[in-house]
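# Fold and contact review
What follows is each chain in one-letter form.
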Amino acid sequence: MTSAAPQDPTPGGGSPRPDHTARSAVTAWMSQAARSPSAALATWRLGELVPLHTGRVWDLVEVDFDLARSAMRELTEFSEHVGPHLVSGMERATWILLPIGTAYRLAGVKGVLVHAAGWPLLAPPPGRYVGDRTWVLPDSDGDERDGEPWKRLTDADPLREAVHHVHGRLRRAGATRRW
């Protein structure tokens, strides 16, 4: 995976700026989560944030930025796929896209907020940094079926295990965190 937006380390690596052809495809795919995909595309062309609604194309969890970065590092160390996620350094948050019907598996996990269907995620266009938010998109991980790696979302179960592992590691180290 490659690095993220300038001056802002991204939790899962990946590519914040896909090439033009891939960006068009991922933009069209992501716009499907908006109430009006055509209006979303028009707003993104203006470089503005668009509300994408959970439960239409994906489920969504919000994770503290540092916790997400550590958990995603765990996932990549164990060769788990890290799918698209949105990061904000100022908000210290990471929003992780999960397959529909799986976010509930992270309910009650410390430092993770599960957003209900219909919740609006204010998102910039893929490949752009707007309002201190940028998408981190996965690179192809070598899977021949992986022509659109950004459509392959993070699996909820390995993410939950990675978050628990990070919490355990911090407890053993005696660290205190707000999450």
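Preceding this section is the structure that the text describes.
So, here's what we can say about the structure.

### Looking at the overall build of the protein chain
A tally of helices and strands in the protein chain yields 4 helices and 8 strands. Along the protein chain, from the amino end to the carboxyl end, the secondary structure elements read α-α-β-β-α-β-β-β-β-β-β-α. Out of the 179 residues belonging to the protein chain, those deemed buried represent 50%. Relative to all contacts within the protein chain whose residues are 6 or more apart in sequence, the contacts with residues 24 or more apart total 74%. Accessible area for the protein chain stands at about 8600 Å²; split by element, carbon and sulfur atoms hold 51% of it.

### Some words on the nonpolar core
In this structure, Trp29, Met30, Leu52, Trp58, Leu97 and Trp135 are the most contacted members of the largest nonpolar core, which totals 21 residues. Looking at this core, the elements that each hand over two or more residues are helix 1 (20-31), helix 2 (37-45), strand 1 (50-53), strand 4 (93-98) and strand 6 (120-123). Each residue touching Trp58, except ones within four places of it in the same chain, is listed here: Trp29, Met30, Ala33, Leu52, Leu97, Leu98, Ile100 and Leu153. Core analysis: the second largest hydrophobic core is formed by 20 residues, Met72, Leu75, Ile96 and Ala162 among them.

### Some details on helix 3 (residues 65-77)
For helix 3, spanning 13 residues, the distance from its first C-alpha to its last is 18 Å, which sits close to the expected 18 Å at 1.5 Å a residue. At its buried positions, helix 3 is contacted by strand 2 (59-64), strand 3 (85-88), strand 4 and helix 4 (156-173). The N-cap of helix 3, judged by a side-chain oxygen 3.0 Å from the amide nitrogen of Asp66 a few residues on, is Asp64. One or two steps after helix 3, the chain reaches Ser79, where phi turns positive at roughly 60 degrees.

### Digging into unusual backbone geometry
A positive phi angle, close to 60 degrees, is found at Ser79, a residue other than glycine. Counting through the fold element by element, Ser79 comes out in the loop between helix 3 and strand 3. Within the chain, Arg92 stands out as a residue other than glycine whose phi angle is a positive 55 degrees. Looking at where Arg92 falls in the secondary structure, it is placed in the loop between strand 3 and strand 4. Judged by relative accessible area, which is 33%, Arg92 ranks as partly exposed.

Here is what the cut-offs are and how they apply
- Residues numbered from 1 in each chain as written.
- Predicted model: local features only at pLDDT ≥ 70, side-chain atom pairs only at ≥ 80, totals over all residues.
- Heavy atoms only, no water.
- Helix = DSSP H or I, 4+ residues; strand = E, 2+ residues; numbered from the N terminus.
- Buried < 20%, exposed > 50% of the residue type's maximum accessible area, 1.4 Å probe, protein only.
- Contact = heavy atoms within 4.5 Å.
- Areas by Shrake-Rupley, 256 points an atom, 1.4 Å probe, with all protein chains shown as cover.
- Core = buried A, V, L, I, M, F, W, Y, C linked by side-chain atoms within 4.5 Å.
- Expected span 1.5 Å × (residues − 1).
- Polar contact = N/O pair within 3.5 Å; in protein donor to acceptor, adjacent residues only side chain to side chain.

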